[in-house]
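Now for the letters of each chain:
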Amino acid sequence: MRPASLLLLAGALSAQQPVDWEIPVISKLVGTSIEIPEQEYYRIFGELEGFLTAQFMQVGATFEARIRTRDGWQRRRYTPRQFYDLGLAIDLAGEIDPRVLAKLSGETDYHQTVADIQALPTGVQMVLYRRAGKAVRGTYTGFDGHHFLLSGRGKRGRQRISVGEVTHLKYRDPPVAELLGDRRIYMASALAGMGAGVLWNTLWNVSGFEARASLNFKGALLGLALSPLPVRIVRIRRAALHGFKIERDVQDKIRTYLFLHFGEA
């Protein structure tokens, strides 16, 4: 059940003075290391914010818990009696039901959330809002298992954002063309260009009907040439805007799952 990477503290122990130590098994139900689901179920260390993993060490008659949290490492010392009582409490609580374990380990929430994400349309403009850092924008191209894939222009390029970072997202449907509305935009652009020609004639005192008409005509053509940009913007704005939110407790379970299976703390 436990990846080998969760057998702790090789680096931490190497920094200590050589001692006669060993790794005791507090209970056969949890083994030599304590993981997030076991801490949540048995409350071995009480209410501990940001718990990731822990392991007990025995030096002589003294027991010490080396606890890793999202904020760093903690140590707690226990007498033999206290250590025995902790193990007894675990044994009395009994083995974790597989369905409860799936919930505590984040497996249930993770797979449900991933199923919802995989139903999202690709090729849409998307904004991902993260727990920390700026929002990320781009064209959504897919989901690779536990990362959103966004493509963008310039420096942004292709971006991979872990689902464990995302709190919510927004995306729009593809641009919506509307014949009458788009025609009005083309006409307005042409008229605006023609108006610019009239203004130019007035400011520079252009004389002669043909010269003035030519500038007005060129202004209208310029307005038409530039009209695809406002048409594109309006088509995007016509498209429906959708949202997708990951509730805070589900976010925490997803992060638990990612830590247990991929080491993403």
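Residues numbered from 1 in each chain as written. Predicted model: local features only at pLDDT ≥ 70, side-chain atom pairs only at ≥ 80, totals over all residues. Heavy atoms only, no water.

Overview of helix 6 (residues 179-203)
So, step 1. Across its 25 residues, helix 6 extends 36 Å between first and last C-alpha, which sits within 8% of the 36 Å expected from 1.5 Å per residue.
So, step 2. Phi turns positive one or two residues past the end of helix 6, at Asn205, with a value near 50°. (Helix = DSSP H or I, 4+ residues; strand = E, 2+ residues; numbered from the N terminus. Expected span 1.5 Å × (residues − 1).)

A look at the sheet that holds strand 6 (residues 125-130)
To summarise the sheet geometry, strands pair through backbone hydrogen bonds and adopt either a parallel or an antiparallel arrangement.
So, step 1. What the six strands build is an open sheet, ordered 9-8-7-6-10-11; its pairing is antiparallel. Each edge of the sheet is formed by a strand with only one pairing partner; in this case those strands are strand 9 (158-162) and strand 11 (241-245). The mean angle between the axes of side-by-side strands here comes to 40°, regardless of whether they run parallel or antiparallel.
So, step 2. By the bridge criterion, five bridges tie strand 10 (residues 166-172) to strand 11 in an arrangement that is antiparallel. Bridge pairing in strand 11 links Tyr171 to His242. (Pairing = 2+ DSSP bridges. Axes fitted to C-alpha atoms, helices over the stretch in contact; angles between N-to-C directions.)

What to know about helix 9 (residues 248-262)
Along an α-helix, residues three or four positions apart point the same way, because every turn accommodates 3.6 residues.
So, step 1. Counted at 1.5 Å a residue, the expected span for helix 9 with its 15 residues is 21 Å, and the 20 Å between its end C-alpha atoms agrees.
So, step 2. Among all positions in helix 9, only Val250, Gln251, Lys253, Ile254, Thr256, Tyr257, Leu258, Phe259 and Leu260 are buried.
So, step 3. Phi turns positive, to about 75°, at Gly263, one or two residues after helix 9. (Buried < 20%, exposed > 50% of the residue type's maximum accessible area, 1.4 Å probe, protein only.)

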